[in-house]
Amino acid sequence: MNALATARRVLLQLRADPRTIALLLVVPCVLISLLAWVFDGSPGTFDRIGPVLLAVFPLVTMFVVTSVTTLRERTTGTLERLLTLPIRKLDILLGYALAFAVVALAQTALVSTLALGILDLHVQGSPALLVLVALLSALLGNTLGLLGSAFAATEFQAVQFLPAFVLPQLLVCGLFVPRPMMARPLQLFSNACPLTYVVDAMQGVVATTEASAVTGDLLVIAAFILGSVALGALTLRRRTP
């Protein structure tokens, strides 16, 4: 119940912020539409690249919004006041995660419906599996944002984590160059990056109808999500004696 109460409070705060809602729900739709338009003269390109970016865009937006929102809760003392109550740290963090999970679900449903229905995105695998990967990617961005907020002192620093954390992963995840063709140190770094498994899963959905081909990637993504929540709980502490 404590987690649900926290989730309800965060959702009410988000509802009162139309700019954040636009960033979460409108911007990914605009980006995927722009991508389809860019590759309109290159048949098959959008079908190959679109699904991958369908997962990357939600991860990026959820990471930014979650980290900034959670950091604001930390710096304004809201989290510190919550920690004085008889509420477990994990309940507090689960409340935040649940609230943003609801937003991630809405975002994924909206962007996937646009891509599969209006933009005519075609994949070899199940569209439901594509939506599942996109949803897990958004949840991953959510939990990584919760964890990342602990290492920023200001909202500007939280935003700075985006290029520092996401862009290196984007370069080595296999989107631009197949990972087996990279130098061995880059392959090892890529293996430790959560975005690698998101891209692998989406590429599997594009290439095959076998759901088992992406099961391993989905399990790794789920492990990163749970691990981020667990580590995030360790960062919740009172900052004043």
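For the structure itself, look to the data block above.
Everything in this summary refers to the structure shown in the same document. Since this is a predicted model, take the numbers as computed values, not measurements. (Residues numbered from 1 in each chain as written. Predicted model: local features only at pLDDT ≥ 70, side-chain atom pairs only at ≥ 80, totals over all residues. Heavy atoms only, no water.)

Observations regarding the overall build of the protein
The following threshold applies: The numbering of helices and of strands both runs from the N terminus, where a helix is a DSSP run of H or I of at least 4 residues and a strand a run of E of at least 2. What the globule rule says is 2.2 Å times the number of residues to the power 0.38, and the radius of gyration is computed from C-alpha atoms. Throughout, exposure labels follow a simple rule: accessible area from a 1.4 Å probe, protein chains only, divided by the maximum for the residue type, with under 20% read as buried, over 50% as exposed, and the rest as partly exposed. Residues count as neighbours in contact if any of their non-hydrogen atoms are within 4.5 Å of one another. Surface accessibility in these figures is a Shrake-Rupley result with a 1.4 Å probe; residues are shielded only by whichever protein chains are displayed.
A tally of helices and strands in the protein yields 10 helices and zero strands. The C-alpha radius of gyration computed for the protein amounts to 18 Å, which stays within 12% of the reference 18 Å derived for 241 residues, consistent with globular compactness. With the principal axes as the frame, the protein shows a C-alpha extent of 60 × 40 × 30 Å. Going through the 241 residues of the protein one by one, you find that 49% of them count as buried. Long-range pairs, those at least 24 residues apart, make up 78% of the contacts in the protein between residues at least 6 apart in sequence. For the protein, the computed accessible surface area is about 11,700 Å², with 69% contributed by carbon and sulfur atoms.

Some thoughts on the side chain of Gln 107
Short version of the rule: Under the rule applied, a polar contact is a pair of N or O atoms within 3.5 Å (in protein, one hydrogen donor and one hydrogen acceptor; residues adjacent in sequence only if both atoms are side-chain atoms).
Of note, Gln 107 is situated in helix 5 (residues 89-118). Within the structure, Gln 107 has its side chain in polar contact with the backbone oxygen of Leu 24 (distance 2.7 Å). Excluding its chain neighbours within four sequence positions, the residues that come into contact with Gln 107 are Leu 24, Leu 25, Pro 28, Pro 58, Thr 61, Met 62 and Ala 138.

A closer look at the packing of helix 3 (residues 45-75) against helix 7 (residues 155-172)
What counts is decided by this rule: All axes here are fitted lines through C-alpha atoms, helices being fitted over the stretch that makes contact, and every angle between N-to-C directions spans 0 to 180 degrees. Just so you know how the angles are binned, under 35 degrees is roughly parallel, over 145 roughly antiparallel, 65 to 115 roughly perpendicular, and the rest oblique. By convention the crossing between two helices is left-handed if the near helix lies anticlockwise of the far one by an angle smaller than a right angle, and right-handed if it lies clockwise.
For the pair helix 3 and helix 7, the least separation of the axes is 9 Å and the interaxial angle reads 155°. Taken as axis vectors, helix 3 and helix 7 run roughly antiparallel relative to one another. Where helix 3 crosses over helix 7, the handedness of that crossing is right-handed. Across from Val 56, Leu 59, Val 60, Phe 63, Val 64, Ser 67, Val 68, Leu 71 and Arg 72 in helix 3, the residues of helix 7 making contact are Glu 155, Ala 158, Val 159, Phe 161, Leu 162, Phe 165, Val 166 and Leu 170.

As for the nonpolar core
The test is simple: Remark: nonpolar core denotes a set of buried residues (Ala, Val, Leu, Ile, Met, Phe, Trp, Tyr, Cys) joined through side-chain atoms within 4.5 Å.
Counting 62 residues, the largest nonpolar core has Ile 32 and Leu 195 as its most contacted members. Of all the secondary structure elements, the ones that give two or more residues to this core are helix 1 (2-15), helix 2 (18-38), helix 3, helix 5, helix 6 (127-148), helix 7, helix 9 (194-207) and helix 10 (212-234). With 12 residues, helix 3 is the single largest residue contributor to this core. Those residues in contact with Leu 195 that lie beyond four places of it in its chain are Val 56, Leu 59, Val 166, Gln 169, Leu 170 and Cys 173.

Looking at the packing of helix 3 against helix 6
Selection rule: Note on residue categories: nonpolar means Ala, Val, Leu, Ile, Met, Phe, Trp, Tyr, Cys or Pro, charged means Asp, Glu, Lys or Arg, and polar means any other residue, Gly included.
One can describe the packing of helix 3 onto helix 6 by two numbers: an axis separation of 7 Å at closest approach and a directional angle of 25°. Regarding the angle of helix 3 to helix 6, the classification is roughly parallel. Seen from above, helix 3 lies across helix 6 with right-handed handedness. Residues Pro 51, Leu 54, Ala 55, Val 56, Pro 58, Leu 59, Met 62, Phe 63, Thr 66, Ser 67, Thr 70 and Arg 74 of helix 3 touch helix 6, and the partners they reach there are Leu 130, Ala 134, Ser 137, Ala 138, Leu 140, Gly 141, Asn 142, Leu 144, Gly 145 and Leu 146. Here the contact of helix 3 with helix 6 is built from residues that sort into 14 nonpolar, seven polar and one charged.

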